[in-house]
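Residue-level structural notes
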Amino acid sequence: VTSLLPWPSAYLAITRRARLLRLLERFHALERAGAMPGTTMLVGEVGLGREALAVELAAALICPSPRAVPCDCPGCGRVRRGIHPDLSVVDVDVDEKTGKRKEEISIRQAREISDGLASFPFEGRRRVYVFVSAHTPPLNTHAASALLKTLEEPPAHACFVLLAGNPARVLPTVLSRSVQVRVPTPDRGELAELLAAAHGLTAAEAEEHLHACVDDPVAALRLDRAGSAPLLSGLAALAREAFAGDALAVLRLAVRAKASPDAITAFSRVLLDEAARTGGDGAERALQAAANVLEADRRRAVLHLDAESVTAGALMPLLSAGPA
Ligand SMILES: [Zn+2]
């Protein structure tokens, strides 16, 4: 079943996540004590629990009389399906002409949120606004400025929940108005379950998929099962050829990076493993190449560059040093 929220239902699976439930219980205790922060930032990687926690937290804050943690009343069910009138999930709009997602949250969206806060909740105790990403972009200066007063002190009948992978990519003005809470990452068993749910795999296949992605949960969750294994398998052999000064291998590595930018962290880890294996002078060059690939990927993300040319450039030191 696909969730009506902007996230696939696998992201919202929470049942067996003991640490997430404990965190949720702590929020409940805060709420009962009247100490729930107006603006909370849940810090964690996409798909590894922060979305599930945001939705359960929203349910707990909206529900007129929670029966348990998590509550199973019809109202909480509607929050989970993304159809409760008191839950707003804030994401970039889709451009009507091109059909593509816009790059930033608009000032109009920000104004609608602050204007809407004047009215009381429709059914629940509160209105909850979940920001899919508080990073810059999509939450840029102008929209953020229109929201600052609201984030600073929302009315008692409203709460903001902001999601972020890296607080360093959030505007300082937004950061200073939020209480940051780190979302616990799933352990390996939970991760395999999450992957099995997300990609429709058996437990053994999920383990294999995770292994193929060099244990990088973010890459594992984003790559589909057909794409990832061929993409990442043989990477080590290719890296060895590249370290030996094979220009073609460098280009093929770059092409793979282009095919799946999400795998770049896993990718650089393969290079690091190779470095450790090679030792000596080759290792130093491999380490340099891995550092370059990561730095290049960061630059690529910021500047929206093409992954192939950026990665090829980053791997060039392997060639200039000549055969190992
Ligand atoms: Zn409920």
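Before reading further, recall that the structure is shown in the block above.
First things first, this report covers the structure right here in the doc.

A few points about the coordination of the zinc ion
Those protein atoms acting as donors to the zinc ion are C63 (SG), C71 (SG), C73 (SG) and C76 (SG), and they sit at 2.3 Å. Donor residues binding the zinc ion come from one chain and are separated in sequence as C-x7-C-x1-C-x2-C. Note that C63 is positioned in the loop between α2 (50-62) and α3 (74-81) and C73 in the loop between α2 and α3, a separation of 10 residues in sequence. Across this residue pair, the class does not change: C63 and C73 are buried.

Section: the sheet that holds strand β4 (residues 158-164)
Read from one edge of the open sheet, five strands run β2-β3-β4-β1-β5, paired in parallel fashion. Every interior strand has two partners, whereas the edge strands, β2 (87-90) and β5 (179-182), have only one. Neighbour-to-neighbour, the strand axes of this sheet turn through a mean angle of 20 degrees, independent of strand direction. Of the pairings in the sheet, the one linking strand β1 (residues 39-43) to β5 comprises four bridges and is parallel in character.

Some thoughts on the pairing of β1
Most of β1 sits inside the fold, with five of its five residues counted as buried. Every second residue of β1 is oriented toward a common face, with T39, M41 and V43 on one face and T40 and L42 on the other, all of them buried. As paired strands, β1 and β4 are joined by five bridges and run parallel to one another. Bridged to L42 within β4 is L163.

Concerning the environment of L235
When you line up the elements, L235 lands in helix α11 (residues 235-243). Each C-alpha atom of the pair L235 and R256 lies 8.9 Å from the other, and the pair is 21 residues apart in sequence.

Section: the packing of helix α1 (residues 18-32) against α2
Where α1 contacts α2, the axes come no closer than 10 Å and their chain directions differ by 30 degrees. In terms of axis orientation, α1 runs roughly parallel to α2. For the pair α1 and α2, the sense of crossing is right-handed. Between α1 and α2, the contacting residues are L20, L23, L24, F27, H28 and E31 on the first element and A52, L53, E56, L57, A60 and L61 on the second.

Concerning the side chain of T39
Positionally, T39 belongs in strand β1. Non-local contacts of T39, meaning those with residues more than four positions away in its chain, are made with L151, P154, F160, L162, R177, S178 and V179.

A word on the packing of helix α4 (residues 107-116) against helix α5 (residues 141-152)
Where α4 meets α5, the axes come as close as 8 Å, and the angle between the chain directions of the two elements is 10 degrees. By the angle class used here, α4 and α5 are roughly parallel. Contacts between α4 and α5 pair I107, A110, I113 and S114 from the former with H142, A143, A146, L147 and T150 from the latter. Here the residues of the contact of α4 with α5 are counted per class, giving six nonpolar, three polar and no charged.

Cut-off values and rules
Residues numbered from 1 in each chain as written. Predicted model: local features only at pLDDT ≥ 70, side-chain atom pairs only at ≥ 80, totals over all residues. Heavy atoms only, no water. Donors = N, O, S within 2.8 Å, 3.2 Å for Na, K, Ca; no water. Helix = DSSP H or I, 4+ residues; strand = E, 2+ residues; numbered from the N terminus. Buried < 20%, exposed > 50% of the residue type's maximum accessible area, 1.4 Å probe, protein only. Pairing = 2+ DSSP bridges. Axes fitted to C-alpha atoms, helices over the stretch in contact; angles between N-to-C directions. Parallel < 35°, antiparallel > 145°, perpendicular 65-115°, else oblique. Left-handed = near helix turned anticlockwise from the far one by under 90°. Contact = heavy atoms within 4.5 Å. Nonpolar A, V, L, I, M, F, W, Y, C, P; charged D, E, K, R; others polar.

Nothing here speaks to function; it is all geometry.
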